[in-house]
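Observations on chain architecture
Single-letter residue listing:
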Amino acid sequence: MVRYVYDFTEGGRDMADLLGGKGSNLAEMTRLGLPVPPGFTVTTEACRAFLETGSEPEGLWEEVSAHLAGLEASAGRSLGQPDDPLLLSVRSGAKFSMPGMMETILDIGLNDDSVLGLAKASGNERFAWDSYRRLVQMFGSTVMGVDSSRFERSLALLKDLRGVQDDVHLTASDLAELVETYKNLIHLETGDHFPQSPAEQLRRAILAVFESWNGERARLYRRREHIADDLGTAVNVQRMVFGNLGAHSGSGVAFTRDPATGRSGLYGDYLPDAQGEDVVAGIRNTVPLAELKRLDARSYDGLRTHMRTLERHYRDLCDIEFTIERGTLWMLQTRVGKRTAEAAFVLAAELADEGLITPDEALARVSGEGLARLMFPRFDASATGTALAHGVPASPGAAVGTVVFDSAQAVRRAAAGEKVVLVRQETTPDDLPGMIAAQAVLTSRGGKTSHAAVVARGMGKVCVCGAEELTVDTEARRFTAADGTVVEEGTVVSVDGSAGAVYAGSVPLVDSAVIRYLEDGRGGGGSQGVDVVDAVARALARADTVRRLEVRANADTPEDAVRARRFGAQGIGLCRTEHMFLGDRRKLVEQMILAGTDAERDRALADLLPLQRRDFVGILEAMDGLPVTIRLLDPPLHEFLPDHTELAVRIATAQARGEEPDAHDVALLGAVNRMHEENPMLGLRGVRLGLVVPGLVAMQVRAIGEAVTERLSAGGAPQAEIMVPLVGDVRELRLVRAEVQRVLAEISRAAGVVLDCPVGTMIELPRAALTAGRIAEEAEFFSFGTNDLTQTTWGFSRDDVEAEFFSAYLDKGVFSTSPFEALDREGVGRLVNIAVAEGRATRPDLKIGVCGEHGGDPDSVHFFHTAGLDYVSCSPFRVPVARLEAGRAAL
Ligand code: PEP
Ligand code: MG
């Protein structure tokens, strides 16, 4: 018999799969002896069973009833008991935090009778009716499907009628009237009544939370965060405690360290006389947590003690939700807190310094994605001018964009390629699509823990919230700054999420401190504790100590090679030679293609030779002492010819004018027509070119060989490796390799040196992977070209499909990330594994790397580590990311 319900006293933090994040942490806090209101968790398994069958799992209600009976016994009163009701909250809690994306229903147990009992027992009639009002509203919208704006409109209407601005000025009888209005509204909209039975309320609330797993918001969020769709959510049923019982009550959110910078201290927001939801919704402005010390020193001290307990127990930054009910402190939630990239690095270093975690754990706590974020530019402080507004620096970074005032507009404009800044009074989960589309989010209300702040931080999106000086007029689509400046929709602003400032116009950007450090070793040594540059340096140093994978760069100019080397590249894994055929050299390439005789072609190749040689000398010099893998020409030759339409128009125009068209143009057009391919990616490119165009391979190899010779005679230590692209069969490689060796032998003889240039191949076709054992007979190294390998394995054109239909595939869950971004382990990864095994079976010392884009993708780096590759190669800017991830993969 499956078990669907666990009491908080039975679970623990290692049960997040079953109990969700919130449930497992509530259980952990209960076990630690912290004051957690009693309750129980309905498992994710129950949710999955419900979603699969569409009906309540058998036996679930019996289990819930039994646990409820336990709760009632310990509380000494029953759910909805008319004279003194036990009330419950019902909250979602998936394995991975999805803030605000699913449903919560509070005050379960109130009805027309028990509201009177609550009024009497609490001695606060207004509070009782307000709680009932909240229940009917939440239940009506979440469980019974009434549009929530209908309730809001009724509330606004009543406030207008009473001439009050704030909810708090509505009296008990106003709220009682509102309850009636809400109940009528529900009946009118659904034909059904708000259920008076507390048990029915509970039962339906649990199922509604299950259902919210598949709500649009939740699905969108999961896609964005790469959370699997089949996990389901747990449901936590817990005794209500009230933060809205007057001045000695309140709710707050706290972090054991600053989630924006990672520095230690006590951070958080507190809202007196309010429920937790009011804090997160950012509806009223909170006070800093330090203020609680003045308001309620005992609760403040208790909170600090519990925070210390939690941080030492979890050995990490924790975020906490708490409520104070008439002077009694209750812990409602904790979890290892989301943090900015900067905070993650600083925190890891500080916790390691404090001895709470080991250096390896510190490395595991940071990520390549986070490092990449820290390498982004920030605003130039000297050029920022006067700020339009200041707010809470909720999520760091710099963004420039045009102002929009609603989610739909943000999505529309962003889809058209515009960079937008979403400005709202506060955000709600409905704003999620707009937040995803925007470069930055700016709100006039709410603190560091408001919805906007939490969600933006999770996404790594720039956010300034609580910019109170701003008056945001969504209807009129404009905001007014403190100095009276009116900013209309469509105006460009710059948002500094690190400083919490907003500027008019587009502010220029400067490099990040982390990039400065990576480029020239400057920075670090901040005055307050560990500085972010120190923290990054330490993480990278640790990664370099533990990693097995080498990291090389894809670079084809000496400048890129120099930068890559500064970033820690241990060589070049891919030097694409095609750019060396562009620019001024196009003419020579054209001559080579148009050559009518061997002699003409040889002349063109001979003219290209010194130019190529010079390129190689520069790169080998920049990478002196380190391997440089030079790939022979890969793209089809027609890519170096002018565009067909352009030529045809030129010729037609001349003819229309009665002039003789340019003979060169006519010859070129002939060549373009001759070389036209329907599928150039599957056409005459890579090794095929070398086998078909006489002299091409020889020229490139000669340029490489002579560059090596030149570097040797200059006292250098060049290590060129020659790589053949797009091989599908060992015979192709055998033919080209023979040519390579012939040319190298010639140069060696002429120069009187021994040229030792290993010859290897790219593995970028499924056939190459599947016949890798044979190919290794001729290859001294392999380098996986995972761009082409992904293209040819899936049959996806790498140049077209991302724009064409990937968004539909992502929507439909065919994959959660583009296989061109993160390696498809199941398909392409299988080919990689086969090729590694069979290649090494033939040649045990075969050196194997990867040089497709995946070489710099964190998840893929972990795969390549496990697959036993020797190195990954990626663009210079990704080199630090790959070093870090290669280290993490080795832990
Ligand atoms: C590849 O295909 O993965 C590769 C590195 O080559 P290119 O991107 O130049 O085709
Ligand atoms: Mg390729």
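Everything numeric in this text was worked out from a predicted model, so none of it was measured. (Residues numbered from 1 in each chain as written. Chains lettered and ligands numbered in written order. Predicted model: local features only at pLDDT ≥ 70, side-chain atom pairs only at ≥ 80, totals over all residues.)

Thoughts on the overall build of the chain
For the chain, the helix and strand inventory stands at 36 helices and 31 strands. Projecting the C-alpha coordinates of the chain onto the three principal axes gives extents of approximately 105 × 65 × 60 Å. Within the chain, buried positions represent 52% of all 891 residues. Taking all contacts inside the chain whose residues are at least 6 apart in sequence as the whole, residues at least 24 apart take part in 68%. (Helix = DSSP H or I, 4+ residues; strand = E, 2+ residues; numbered from the N terminus. Buried ≥ 20, exposed ≤ 12 C-beta atoms within 10 Å, placed from the backbone. Contact = placed C-beta atoms within 7 Å.)

Details of the site of ligand 1
Taken together, the residues surrounding ligand 1 are Leu574, Arg576, Asp634, Glu764, Gly785, Thr786, Asn787, Asp788, Cys851 and Gly852. Secondary-structure elements contributing two or more residues to the shell around ligand 1 are strand E25 (572-576) and helix H31 (786-794). If you tally residues by element for the shell around ligand 1, the top one is H31, at three residues. Partitioned by chemical class, the residues of the shell around ligand 1 number two nonpolar, four polar and four charged. (Near = placed C-beta within 6 Å. Nonpolar A, V, L, I, M, F, W, Y, C, P; charged D, E, K, R; others polar.)

Considerations on the sheet that holds strand E28 (residues 759-763)
Taken in spatial order, the eight strands close into a barrel running E24-E25-E26-E27-E28-E29-E30-E31, and their pairing is parallel. Going across the sheet, the axis of each strand differs from the next one's by a mean of 30°, ignoring polarity. Bridging between strand E27 (residues 719-724) and E28 involves three bridges; their strand directions are parallel. Looking at the pairing, Val724 lines up with Thr761 of E28. Running over the sheet, helix H36 (residues 879-889) touches strand E24 (550-554) and strand E31 (871-874) and is turned about 160° from E24. (Pairing = 2+ DSSP bridges. Axes fitted to C-alpha atoms, helices over the stretch in contact; angles between N-to-C directions.)

Things to note about the domain arrangement of the chain
On domain assignment, one finds that the chain holds domain 1 (5-239), domain 2 (250-339), domain 3 (378-510) and domain 4 (547-580 + 594-632 + 694-889). Once you take the C-alpha centre of each, domain 1 and domain 2 turn out to be 22 Å apart. (Domains from an automatic or database assignment.)

Section: the pairing of strand E4 (residues 104-108)
Within E4, four of the five residues are buried, which leaves the element mostly enclosed by the surrounding structure. Bridge count for strand E3 (residues 88-94) against E4 is three bridges, and the pairing is antiparallel. For Val90, the partnering residue across the bridge sits in E4 and is Ile105.

Structural notes on unusual backbone geometry
For Asp107, which is not glycine, the phi torsion reads 65° and is therefore positive. For Asp107, the position within the fold is in strand E4. Even without being glycine, Arg477 reaches a positive phi, approximately 55°. Inspection of the secondary structure puts Arg477 in the loop between strand E18 (471-473) and strand E19 (478-480).

Focus on the UniProt feature "domain: Pyruvate phosphate dikinase AMP/ATP-binding" (unreviewed entry) in the chain
Here the UniProt feature "domain: Pyruvate phosphate dikinase AMP/ATP-binding" (unreviewed entry) sits at residues 57-285 and 295-343. End C-alpha atoms of residues 295-343 are separated by 30 Å, and the span's content is 45% helix alongside 35% strand. (UniProt positions renumbered as here; feature names shortened; annotations may be inferred.)

Description of the packing of helix H27 (residues 696-713) against helix H28 (residues 730-751)
Axis separation between H27 and H28 bottoms out at 9 Å; the angle between their running directions is 40°. Taken together, the axes of H27 and H28 are oblique relative to one another. The two elements H27 and H28 meet at a crossing, and its hand is right-handed. For the pair H27 and H28, the contacting residues are Val697, Ala698, Val701, Arg702, Gly705, Glu706 and Thr709 in the first and Val736, Glu739, Val740, Val743, Leu744, Ile747 and Ala751 in the second. Of the residues in the contact of H27 with H28, the class split is nine nonpolar, two polar and three charged. (Parallel < 35°, antiparallel > 145°, perpendicular 65-115°, else oblique. Left-handed = near helix turned anticlockwise from the far one by under 90°.)

Topic: helix H9 (residues 216-225)
Restricting attention to buried positions, one finds in H9 the residues Ala218, Tyr221 and Arg222. The buried residues of H9 all sit within an arc of 100° when viewed along its axis, so they share a single face. Check the buried side of H9 and you find it contacts helix H8 (198-212) and helix H17 (432-437). Taken from the residues just after H9, His226 is the one with a positive phi, measuring 55°. (Arc of directions from axis to C-beta.)

Describing the confidence of the model for the chain
The share of residues in the chain with pLDDT of 70 or more is 98%, and the mean pLDDT across the chain is 92. What the predictor reports for the complex is a pTM of 0.79 with an ipTM of 0.99. (pLDDT = per-residue confidence, 0-100.)

Considering the pairing of strand E16 (residues 440-443)
Of the two faces of E16, the one carrying Ala440 and Leu442 and the one carrying Val441 and Thr443 are both buried. Looking at chain direction, strand E15 (residues 420-424) and E16 are connected through four bridges and run parallel. Within E16, the residue paired with Val421 across the bridge is Ala440. This β-α-β element, E15 to H17 to E16, shows right-handed connectivity. (Right-handed = clockwise from strand over helix to strand, strands pointing away.)

Some remarks on the sheet that holds E15
The eight strands lie next to each other as E12-E22-E21-E14-E15-E16-E17-E13, forming an open sheet whose pairing is mixed. Two strands close off the open sheet at either side, each with one partner strand: strand E12 (387-390) and strand E13 (392-395). Each strand of the sheet is rotated relative to its neighbour by a mean of 30°, with strand direction disregarded. Judged from the three bridges that link them, E16 and strand E17 (residues 462-465) form a sheet pairing that is parallel. Following the sheet pairing, Val441 is matched in E17 by Cys463. This element, helix H16 (residues 407-415), spans strand E14 (398-404) and E15 of the sheet and lies at about 175° to E15.

Re the environment of Val828
Position of Val828 relative to the elements: it lies in helix H34 (residues 828-842). Residues Val828 and Arg843, 15 residues apart in the sequence, show an inter-C-alpha distance of 22 Å. Once residues lying within four places of it in the same chain are set aside, the contact partners of Val828 are Thr786, Leu789, Thr790, Thr793, Pro819 and Leu823.

Concerning helix H3 (residues 60-75)
The terminal C-alpha atoms of H3, which comprises 16 residues, lie 22 Å apart, in line with the 22 Å expected from a rise of 1.5 Å per residue. Those residues of H3 not exposed but buried are Leu60, Glu63, Val64, His67, Leu68 and Leu71. Here the buried residues of H3 occupy an arc of 135° about the axis, which is enough to place them on one side. Exposed and oriented more than 90 degrees from the buried face of H3 are Glu62, Ala66, Ala69 and Ala73. (Expected span 1.5 Å × (residues − 1).)

What about the packing of helix H13 (residues 341-353) against helix H20 (residues 532-546)?
It is the contact of H13 with H20, at a shortest axis distance of 8 Å, that shows an interaxial angle of 70°. The angle between H13 and H20 falls in the class roughly perpendicular. For the crossing formed where H13 meets H20, the hand is left-handed. When H13 is examined against H20, the residues Glu342, Phe345, Val346, Ala348 and Ala349 are found in contact with a partner set consisting of Val532, Asp534, Ala535, Val536, Arg538 and Ala539.

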